Amino acid sequence: MHYPAFHTALCQAVALPSIEGGTAPDWVHLLPAGGITTVDNRGPYRVADAAKLVAESLQSIGGQAPLDENHSTDLAAPKGEPSPARGWIKKLEARADGIWGQVDWTDAGKALMADRAYRFISPVIQHLKDGTVIGIARAALTNRPNLRGLTALHSEGA
């Protein structure tokens, strides 16, 4: 679908689910349901149609999106610095509590999860000027949460 000019936001804030037995989670929480607020007061953002967002995001990312560290794809790569993927988001799913992504972890990503080096996921979203989210482009492992309402990577019962 074609949208008028859109903006990209590095959201920094979804806590990663608990890692049981030293394995990385298959699914990570990318966006909460309802209004999406941030610690730094960007937004608010909203998902108007979760099913449409899931379908259009998967189509625009060619079936999978990188999961890097600290938004290196957006911040380091443009400067010619490394930005390796630590996993690949290969499926998106709309659930009652928001949008979740299924991750195919790289060996390095699995090691980071087993070591509990990161606690949160930060999605990179595309949105219209009014805050309507029109795409999930990728995500990053981070320890500086900004997005409110997401499940931590290392939390009980996730």
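Residues numbered from 1 in each chain as written. Predicted model: local features only at pLDDT ≥ 70, side-chain atom pairs only at ≥ 80, totals over all residues. Heavy atoms only, no water.

A.B. asks: Outline unusual backbone geometry, listing residues and values.
C.D. replies: The backbone of Asn70 sits at a positive phi, close to 50°, despite the residue not being glycine. Within the element layout of this structure, Asn70 appears in the loop between strand E4 (65-69) and helix H2 (72-75). In this model, Arg116 sits at a positive phi of 55°, which is unusual for a non-glycine residue. Assignment of secondary structure puts Arg116 in the loop between helix H3 (107-114) and strand E7 (120-127). (Helix = DSSP H or I, 4+ residues; strand = E, 2+ residues; numbered from the N terminus.)

A.B. asks: Please provide a residue-by-residue account of the packing of aromatic side chains, values included.
C.D. replies: The geometry of two aromatic rings is summed up by the distance between their centres and the angle between their planes. Within this structure, the stated rule accounts for zero aromatic pairs. Against the face of Trp27 rests Arg95, its NZ or CZ located 4.8 Å from the ring centre. (Phe/Tyr/Trp six-rings, centres within 6.5 Å; stacked < 30°, edge-to-face > 60°. Lys NZ or Arg CZ within 6 Å of the ring centre and 35° of its normal.)

A.B. asks: Explain the nonpolar core to me, using residue names and the numbers behind them.
C.D. replies: Among the nonpolar cores identified, the biggest contains 25 residues, and Leu30, Leu31 and Trp105 are the most heavily contacted of them. Of all elements in the fold, only strand E3 (27-32), helix H1 (50-60), E4, strand E5 (87-95), strand E6 (98-105), H3, E7 and strand E8 (133-142) reach the threshold of two or more residues within this core. Ranked by the residues each element gives to this core, the list is headed by E8, at four residues. In contact with Trp105, other than residues within four places in its own chain, are Ala24, Pro25, Val28, Leu67, Arg86, Gly87, Lys110, Met113 and Leu141. (Core = buried A, V, L, I, M, F, W, Y, C linked by side-chain atoms within 4.5 Å. Buried < 20%, exposed > 50% of the residue type's maximum accessible area, 1.4 Å probe, protein only. Contact = heavy atoms within 4.5 Å.)

A.B. asks: Break down the pattern of salt bridges for me, citing the residues and quoting the values.
C.D. replies: Here the structure, examined in full by the defined rule, presents three salt bridges. Residue Glu93 is joined to Arg95 by a salt bridge in which the shortest nitrogen-to-oxygen separation is 2.7 Å. (Salt bridge = Lys/Arg side-chain N within 4 Å of Asp/Glu carboxyl O.)

A.B. asks: Can you tell me about H3, naming the residues and giving the values?
C.D. replies: Among the residues of H3, Gly109, Leu112 and Met113 are the ones counted as buried. What you see down the axis of H3 is that its buried residues fit within an arc of 100°, all on one side. Its buried side turned inward, H3 meets E4, E6 and E8. The first or second residue beyond H3 is Arg116, which carries a positive phi of 55°. (Arc of directions from axis to C-beta.)

A.B. asks: Please give an account of the side chain of Arg86 that cites residues and values.
C.D. replies: Tracing the backbone through its elements, the reader meets Arg86 in the loop between H2 and E5. According to the relative accessible area criterion, Arg86 is buried, its value standing at 18%. Here the side chain of Arg86 touches Glu69 through a polar contact of 2.6 Å, side chain to side chain. Those residues in contact with Arg86, other than ones at most four positions away along the chain, are Leu67, Asp68, Glu69, Trp105, Thr106, Ala108, Gly109, Leu112 and Leu141. (Polar contact = N/O pair within 3.5 Å; in protein donor to acceptor, adjacent residues only side chain to side chain.)

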